[in-house]
Amino acid sequence: MALAAEAADFAGLAKYGLFGALGHQEYLLRAQQQLTGLYEQGLEVHLRVLEAGDFEDYCSALGLDPRAPAARVAYAGDPELAGEPFVYAGEPLVDLLPVLLDDHRARVRMSVACAALLGAVGDDPTGQRRMAAVMRYVTSVYLALAEGAGEGCHLLTLRCHGPEDGEELTSAVDVCVERGHLHPAGRDAEAFCVTLAAGVASGGEGALLLHGDPSAGNGDGPPDRSPDGPLGGPPGGPGPGPRVRGWALAGGRLRPMTAHEVFDELADDAARGLPFPPGVVPQPGFRLPDFPGAGAGAGAGAEAGGGGGPLG
């Protein structure tokens, strides 16, 4: 079942007569009634977001009339689009829709990153082996980041782009560790790892930031008395907020940033419209696993990033 979760998509699709004379809120109410009825009958319902632009592109590619009910059914059930099912579990739509939309956005990020990854490694047997090696590596990086983050819920953000087409890929995931146990992060973790894999495989450039749990203050790990400033922050002293550590992706290799580089990256993010974390304490990144066979690898600095990435 495909849901027009957002009002803008509903308005864009209403011109095709998909919803009759219903308004968006009445449409959602009827969708809730339908979902509840199916769930109470013991039927498993798979959901996906009905996105106006995506639906129109889908109909155009397959030669379907977007006004025909069969087009919407095909879109909702196409296994090439759906991926791993999002299964309805009886939740009220008011609680479900934000989760469904987050899941949908992660799917989109993952789809774009998968295309970039396949373009970097190729689809022949050699490319498949390279892809497996890169995915093993980025999984080890993700686990090392979680271990280094320590207790609490932290935020990982990633932006990267390939050296040729320059398309920017972004991803973010909450990393929650409780009593040494890493909580599953679902689709967001998958999207993060595939996005990082695309950057690594393509010899891309970018930045990875680990935002410490704000509720933990500066308690995420031991103080880092680096020469970059008090507690590793910029000159002027540490603030009361969380630590942010960073790694630069250069030539497909990750290296720890200095505290000043982390501060500059946060400033660049603010210039792109993201909020600057209040009272943040920039910190150098810690060492991450080396790519197998990469020699100096991730902990060696920017000079390790030459060439065409670890697959070159």
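A. Molecular detail of unusual backbone geometry. The phi torsion at Arg179 lies on the positive side, around 55 degrees, for a residue other than glycine. Take Arg179: it is sitting in the loop between strand 5 (168-178) and strand 6 (181-182).

B. Representation of the side chain of His154 in the model. Topologically, His154 is positioned in strand 4 (residues 152-161). From its side chain, His154 meets the backbone oxygen of Ala149 in a polar contact 3.4 Å long. Separated by 3.1 Å, the side chain of His154 and the backbone nitrogen of Asp213 make a polar contact.

C. Looking closely at the packing of aromatic side chains. Considering all chains together, one arrives at nine aromatic pairs under this definition. With a centroid separation of 6.0 Å and an interplanar angle of 50 degrees, the aromatic rings of Tyr142 and Phe192 are classed as tilted. One end of the pair, Tyr142, is in helix 7 (residues 125-149); the other, Phe192, is in helix 8 (residues 186-201), and 50 residues separate them in sequence. We classify Tyr142 as buried; its relative accessible area is 7%. Ring pairs connect the aromatic residues Phe10, Phe19 and Tyr27, which therefore count as one cluster.

D. Representation of the pairing of strand 5 in the model. In strand 5, alternate side chains face the same way, and those of Leu169, Ser171, Val173, Val175 and Val177 are buried while those of Glu168, Thr170, Ala172, Asp174, Cys176 and Glu178 on the opposite face are not. As paired strands, strand 4 and strand 5 are joined by 10 bridges and run antiparallel to one another. Its bridge partner lying in strand 5, Arg159 is registered against Thr170. Here strand 5 pairs with strand 6 via two bridges, running antiparallel.

E. Looking closely at the sheet that holds strand 2 (residues 46-49). Strand order in this open sheet of three strands is 1-2-3, and the pairing throughout is mixed. Every other strand in the sheet has two partners, leaving strand 1 (2-3) and strand 3 (86-87) as the edge strands with one partner each. In this sheet, strand 3 lies alongside strand 2 in antiparallel orientation, the contact comprising two bridges. Note on strand 3: the bridge partner recorded for His46 is Val87.

F. Structural context of the packing of helix 6 (residues 93-121) against helix 8. Axis separation between helix 6 and helix 8 bottoms out at 8 Å; the angle between their running directions is 25 degrees. When the axis of helix 6 is compared with that of helix 8, the two are roughly parallel. For the pair helix 6 and helix 8, the sense of crossing is left-handed. Contacts between helix 6 and helix 8 involve Asp102, Asp103, Ala106, Arg107, Arg109, Met110, Ala113, Cys114, Ala116, Leu117, Ala120 and Val121 from the former and Arg187, Asp188, Glu190, Ala191, Val194, Thr195, Ala197, Ala198 and Ala201 from the latter. Of the residues in the contact of helix 6 with helix 8, the class split is 13 nonpolar, one polar and seven charged.

G. Expanded view of the nonpolar core. Core analysis: the largest hydrophobic core is formed by 40 residues, its most contacted members being Leu156, Phe192 and Leu196. Among the secondary structure elements, those contributing two or more residues to this core are helix 6, helix 7, strand 4, strand 5, helix 8, strand 7 (205-211) and strand 8 (243-250). Setting aside its immediate chain neighbours within four residues, Leu156 contacts Tyr142, Leu145, Ser171, Ala172, Val173, Val175, Phe192, Leu208, Leu209 and Leu210. Phe55, Phe86, Tyr88 and Leu96 belong to the second largest nonpolar core, which has 31 residues in total.

H. Focus on helix 3 (residues 52-62). Looking only at helix 3, the buried set comprises Ala52, Phe55, Tyr58 and Cys59. Viewed end-on, helix 3 has its buried residues packed into an arc of 130 degrees, placing them on one side of the element. Opposite the buried face of helix 3, at more than 90 degrees from it, the exposed residues are Asp57, Ser60 and Ala61.

The rules behind each value
- Residues numbered from 1 in each chain as written.
- Predicted model: local features only at pLDDT ≥ 70, side-chain atom pairs only at ≥ 80, totals over all residues.
- Heavy atoms only, no water.
- Helix = DSSP H or I, 4+ residues; strand = E, 2+ residues; numbered from the N terminus.
- Polar contact = N/O pair within 3.5 Å; in protein donor to acceptor, adjacent residues only side chain to side chain.
- Phe/Tyr/Trp six-rings, centres within 6.5 Å; stacked < 30°, edge-to-face > 60°.
- Buried < 20%, exposed > 50% of the residue type's maximum accessible area, 1.4 Å probe, protein only.
- Pairing = 2+ DSSP bridges.
- Axes fitted to C-alpha atoms, helices over the stretch in contact; angles between N-to-C directions.
- Parallel < 35°, antiparallel > 145°, perpendicular 65-115°, else oblique.
- Left-handed = near helix turned anticlockwise from the far one by under 90°.
- Contact = heavy atoms within 4.5 Å.
- Nonpolar A, V, L, I, M, F, W, Y, C, P; charged D, E, K, R; others polar.
- Core = buried A, V, L, I, M, F, W, Y, C linked by side-chain atoms within 4.5 Å.
- Arc of directions from axis to C-beta.

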